[in-house]
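Examining the three-dimensional arrangement
Here are the chains, one letter per residue:
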Amino acid sequence: MKPSPATLGMGVSMTVGYGTLYYSFSILAPEIAREFGWSQSFVFAVFSIGLLGGAVSAPIIGRLIDRFGARPVLAFGSILAAAALAGLSMVQNGWQFAAVTLAAEFVSIAVQYDAGFAALAQRHGQEARSQITLVTLVAGFASTVFWPLIQWLLTMMTWREVYLVLAGLNLVLALPVHALWPSYRREVAAPAKPSAAAGAPAVAGRRPHLALMAVSLSAGGFVLSAMGASLLVLLGDAGFTPAIATLTGSLIGPSQVAARVIEYARRGVLSPPMTGLIATGAIFLALALLFAAAVFPAVAIVLVFAVFFGIGQGLTSIIRGVLPLHFFGTVGYGRTMGTLSGIRMVLSAAAPVTIIFVNERLGVEAAIGCLLVMGAVGLLAMIGLARLPPLRLETERRVQPT
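Residues numbered from 1 in each chain as written. Predicted model: local features only at pLDDT ≥ 70, side-chain atom pairs only at ≥ 80, totals over all residues. Heavy atoms only, no water.

**Observations regarding the overall build of the protein**
From N to C terminus, the protein includes 14 helices and 2 strands. Its C-alpha radius of gyration of 21 Å places the protein within 12% of the 21 Å reference for a compact globule of 402 residues. Here the protein holds 402 residues, and the buried ones make up 52% of them. In the protein, the share of contacts with a sequence separation of at least 24, taken over all contacts with a separation of at least 6, comes to 86%. On the protein, roughly 17,200 Å² of surface is accessible, and the fraction owed to carbon and sulfur atoms is 71%. (Helix = DSSP H or I, 4+ residues; strand = E, 2+ residues; numbered from the N terminus. Rg over C-alpha atoms; globule rule 2.2 N^0.38 Å. Buried < 20%, exposed > 50% of the residue type's maximum accessible area, 1.4 Å probe, protein only. Contact = heavy atoms within 4.5 Å. Areas by Shrake-Rupley, 256 points an atom, 1.4 Å probe, with all protein chains shown as cover.)

Pasting the structure below:
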């Protein structure tokens with residue numbers, strides 16, 4: 001399937017969603033802390049609590065997408081995201097900052113991958129895999145674009161004015177894409193005269209799939225969140241110089257993009273469960289290498305770690321969207337994604353502070369060992385999931401866009 005302009009536009013809007021609501025924080029937080037005289041730990045603690053707001057909103061937004069379609073949810077999400085970012089530019093005390101940050105992360109789910117993947121699933125059905133991959137390929141450059149952009153803006157304006165610019169980007173770039181998104185819907189022909197008794201096994205039959213998927217994706221989310229926040233700290237405590245730590249981190253991005261390019265070019269060759277096994281296997285292998293590097297510091301080991309970790313991270317974003325589609329189909333896709341995301345985000349929010357605490361109290365080997373255990377849990381759950389058959393029992397009929 002050739003990439004459509006709408007899909008490319010969704011990639012741009014997802015870039016804006018992550019760049020303005022997620023990646024911006026690490027650049028602007030020190031500026032906020034400096035103006036108010038707060039500690040950076042307080043500012044980042046507020047952000048972690050805000051991420052829990054996203055965990056609460058994910059199932060709600062998923063249900064709204066199933067009921068009303070992705071277009072209105074995405075469009076209103078852009079408007080609310082802009083309002084929240086504008087609100088951050090006007091905060092005057094800690095309570096206001098905490099409340100608006102919580103609101104911003106609460107609405108962020110409506111303009112990031114979960115909502116975007118649901119929109120693609122509603123439009124393309126089982127053919128959405130290549131479109132999901134393309135969106136992650138484009139949005140994978142969110143930090144590459146927004147970190148230097150925000151740094152540049154800070155040379156000309158205050159952090160409050162930067163937040164207003166970010167709010168404007170949601171209205172100028174993301175809102176038109178979302179408002180013009182084709183509103184396809186899929187009608188599902190259910191089995192004739194289903195009974196309550198017949199429905200019970202179907203629901204029960206989903207539970208092993210859903211449980212294993214939730215465990216694998218949540219364990220992976222814990223690892224990715226912890227590594228994103230603490231990798232440089234862990235490498236420094238393991239005895240590597242800042243230059244080597246920076247070089248290691250810089251290799252993750254290209255490896256991530258390369259994995260997504262190969263996935264897009266070879267789409268359809270591997271099944272989604274097999275891609276999931278490669279993703280979780282690459283992360284587990286990367287963490288094993290990182291643990292080895294902590295025990296026997298060697299530059300070559302951490303550089304190989306970065307390559308495998310980038311591969312796993314790049315594919316993990318894709319399997320988040322394609323595994324529910326593969327196993328359950330498009331019916332209730334938004335709700336399924338919301339449930340999985342809610343669980344994953346709770347662990348993701350707790351990951352950075354947990355790993356830093358273990359690192360400070362027990363040492364870097366123990367911290368990386370915890371990550372290795374989570375990587376093993378994610379891999380084992382994915383192995384179990386790959387052994388289960390899909391449950392796509394519905395018959396879909398595409399209806400003209402509105």
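From this point, the discussion proceeds with the structure in view.
**Quick look at the packing of aromatic side chains**
Summed over the entire model, instances satisfying the criterion amount to 13 aromatic pairs. Here the aromatic rings of Y18 and Y113 are separated by 4.8 Å at their centres, their planes lie at 55°, and the arrangement is tilted. Residue Y18 is found in helix α1 (residues 5-36), and its partner Y113 is found in helix α5 (residues 113-124); the two are separated by 95 residues along the sequence. Overall, Y113 belongs to the buried group, its relative accessible area being 5%. Ring geometry for W159 versus Y163: centroids 6.1 Å apart, planes at 85°, classification edge-to-face. You can see W159 and its partner Y163 sitting in helix α8 (residues 159-179), 4 residues apart, about one turn around the helix. Classification of W159 by relative accessible area gives buried; the value is 4%. Pairwise contacts between aromatic rings join Y22, Y23, F25, F36, W38, F42, F47, F97, W147, W159 and Y163 into one cluster. A cation over an aromatic ring shows up here: R123 above the ring of W181, its NZ or CZ 5.6 Å from the ring centre. (Phe/Tyr/Trp six-rings, centres within 6.5 Å; stacked < 30°, edge-to-face > 60°. Lys NZ or Arg CZ within 6 Å of the ring centre and 35° of its normal.)

**Focus on the packing of helix α7 (residues 142-154) against α8**
Two elements in contact, α7 and α8, have axes whose closest approach is 9 Å; the angle formed by their N-to-C orientations is 135°. Here α8 runs oblique to α7, going by the angle between their axes. In this structure, α7 meets α8 at a crossing whose hand is right-handed. Facing F146, L149, I150, L153 and L154 of α7, the residues of α8 in contact are W159, V162, V165, L166 and L169. Broken down by class, the residue content of the contact of α7 with α8 amounts to 10 nonpolar, no polar and no charged. (Axes fitted to C-alpha atoms, helices over the stretch in contact; angles between N-to-C directions. Parallel < 35°, antiparallel > 145°, perpendicular 65-115°, else oblique. Left-handed = near helix turned anticlockwise from the far one by under 90°. Nonpolar A, V, L, I, M, F, W, Y, C, P; charged D, E, K, R; others polar.)

**As for helix α4 (residues 94-108)**
Over its 15 residues, α4 runs 21 Å from end to end, which matches the ideal 21 Å to within 8%, given 1.5 Å per residue. The set of residues buried in α4 consists of F97, V100, T101, A104, E105, V107 and S108. Along the axis of α4, the buried positions cluster into a sector of 165°, meaning they face one direction only. Of the surrounding elements, those touching the buried residues of α4 are α1, α2 (40-68) and α3 (70-88). (Expected span 1.5 Å × (residues − 1). Arc of directions from axis to C-beta.)

**Some details on a nonpolar patch on the surface**
Residues V12, F76, I79, L171, V172 and L173 make up a contiguous nonpolar surface patch of roughly 540 Å² in combined accessible area. Within the residue set of the nonpolar patch, elements represented by two or more residues are α3 and α8. When residues of the nonpolar patch are assigned to their parent elements, the largest contribution, 3 residues, is made by α8. (Patch = residues over 30% accessible without salt bridge, like charges linked within 9 Å, V, L, I, M, F, W, Y side chains within 5 Å. Salt bridge = Lys/Arg side-chain N within 4 Å of Asp/Glu carboxyl O.)

**Quick look at the nonpolar core**
One finds M213 and Y333 to be the most contacted residues of the largest nonpolar core, which totals 44 residues. Broken down by element, this core gets its largest block of residues, 8 residues, from helix α12 (residues 299-328). In this structure, Y333 is in contact with D66, F117, A118, A121, I132, G321, P324 and L325, ignoring residues within four places of it in sequence. Formed by 36 residues, the second largest nonpolar core is a distinct cluster that contains I32, W38, A82 and F97. (Core = buried A, V, L, I, M, F, W, Y, C linked by side-chain atoms within 4.5 Å.)

**Observations concerning empty space enclosed by the protein**
Enumeration according to the criterion identifies 5 cavities of 30 Å³ or more in this entry. Computed from the structure, the largest cavity encloses a volume of approximately 80 Å³. Lining the largest cavity are 13 residues, with S216, A219, G220, T280 and I283 positioned closest to its centre. At the level of secondary structure, the elements contributing two or more residues to the lining of the largest cavity comprise α9 (196-237), α11 (272-295), α12 and α14 (364-386). (1 Å grid on protein atoms, 1.4 Å probe; cavity = no way out; pocket = protein on both sides within 12 Å on 5 of 7 lines; lining within 4 Å. Points joined across faces, edges and corners; volume = space filled by probe spheres on them.)

**Topic: the pattern of salt bridges**
Evaluated as defined, the whole model comprises 5 salt bridges. We note a salt bridge from R320 to D114, for which the minimum N-O separation is 3.5 Å. You can see R320 sitting in helix α12 and its partner D114 sitting in helix α5, a full 206 residues away along the chain. Both residues of the pair, R320 and D114, belong to the buried class. R129 serves as the salt-bridge partner of E263, at 2.9 Å between the closest nitrogen and oxygen. Of this pair, E263 sits in helix α10 (residues 242-265) while R129 is found in helix α6 (residues 129-139), placing the two residues 134 residues apart along the sequence. The class of E263 is buried, set by a relative accessible area of 8%.

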